[in-house]
Amino acid sequence: MFSQANETKLNEIITHYPVKRSAVLPALYIAQEEHGYVTDDDVRYIAERLDMRVNEVEEVVTFYTMYSRQPIGKYKLQVCRTLSCMLLGAEQITEHLEHKLGIGVGETTTDGRFTLQEVECLGYCDLAPCLQVNFDYHEKVTTGSVDDIINKLS
Ligand code: FES
C-alpha cells in the first residue's frame, strides 16, 4: 500500500505505542504524504494494519482538518474562523483570499496550487487573526500580509 520507505516508517512508528491503534494519526500523515490526500484504500489499509474498524479510521480522518479526503492544492490555506480570529477580521481575510484566488472555501485553484479552507481554532488566539499555510503559521494577518505570503509561495 505504501512505498517501501513509508512502510518501514509505519512499522517503526507502530513500535512506539503499546496499543497499535494509537499510531493512527502518524499513519494518516504517512498516507497523506504518500498520496497527497487520504484515499479510501489508505483508510482500509490503516484499519487493517492497526487492528481498527474502517469506520473508526474514517472518524479520525474526518475529524481533524489537517487530513484531506480529496486531492488538494500544493498549498493548503487554512483561515481560523473561531471567535478571536473572527472578531479581528478572519471573515475579511477569507473573502480577500476567495477574491484573489477566484475560489470559494473548500475549493482548489484550477492550477492545483491553492486550496482554501476555514478551520477551527489554531491555538494562537492572542495573535489573531491566524492563517495556516501547510505546516506554517502566520499570526495577526492582514489582507496586505496575506498577499505577501501568497506572492512568496512558489
Ligand atoms: S481563535 Fe483563531 S487561533 Fe484561536
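Residues numbered from 1 in each chain as written. Predicted model: local features only at pLDDT ≥ 70, side-chain atom pairs only at ≥ 80, totals over all residues. Heavy atoms only, no water.

Can you tell me about the packing of aromatic side chains, naming the residues and giving the values?
What the rule picks out here adds up to seven aromatic pairs. On the basis of an interplanar angle of 90° and a centroid distance of 4.9 Å, the ring pair of F63 and Y64 is categorised as edge-to-face. Accessibility expressed as a relative area gives 62% for F63, which makes it exposed. For the pair Y64 and Y67, a centre-to-centre distance of 6.4 Å together with 85° between the ring planes defines the contact as edge-to-face. Overall, Y64 belongs to the partly exposed group, its relative accessible area being 32%. Every member of this aromatic cluster is reached through a ring pair, and the members are Y29, F63, Y64, Y67 and F135. (Phe/Tyr/Trp six-rings, centres within 6.5 Å; stacked < 30°, edge-to-face > 60°. Buried < 20%, exposed > 50% of the residue type's maximum accessible area, 1.4 Å probe, protein only.)

Can you explain the pairing of strand β1 (residues 75-80)? Please cite residues and give values.
Looking along a regular strand, one sees side chains alternate from face to face of the sheet. Among the six residues that make up β1, six are buried, leaving the element largely enclosed by the rest of the structure. Residues Y75, L77 and V79 of β1 are buried on one face, and the alternating residues K76, Q78 and C80, pointing to the opposite face, are buried as well. Pairing geometry for β1 and strand β2 (residues 114-119), over six bridges, is parallel. Its bridge partner being in β2, C80 is matched across the sheet by V119. Bridging between β1 and strand β3 (residues 131-133) involves three bridges; their strand directions are antiparallel. Paired with V79 across the two strands is L131, which belongs to β3. (Helix = DSSP H or I, 4+ residues; strand = E, 2+ residues; numbered from the N terminus. Pairing = 2+ DSSP bridges.)

Explain unusual backbone geometry to me, using residue names and the numbers behind them.
With omega at -5°, the peptide bond leading from A128 into P129 counts as cis. Note that P129 resides in the loop between β2 and β3. Phi at N134 takes a positive value of approximately 50°, unusual for a residue other than glycine. Within the fold, N134 resides in the loop between β3 and β4 (136-138). Overall, the relative accessible area of 28% leaves N134 in the partly exposed class. At K140, a position not held by glycine, the phi torsion is positive, near 50°. Judged by relative accessible area, which is 54%, K140 ranks as exposed.

Before we move on, could you go through the pattern of salt bridges and cite the residues and values that matter?
Under the criterion given, the structure shown has 11 salt bridges. Linking K20 and D51 is a salt bridge whose minimum nitrogen-to-oxygen distance equals 3.7 Å. Linking K20 in the loop between α1 (4-14) and α2 (24-35) with D51 in the loop between α3 (40-49) and α4 (54-63), this pair joins segments that are 31 residues apart in sequence. (Salt bridge = Lys/Arg side-chain N within 4 Å of Asp/Glu carboxyl O.)

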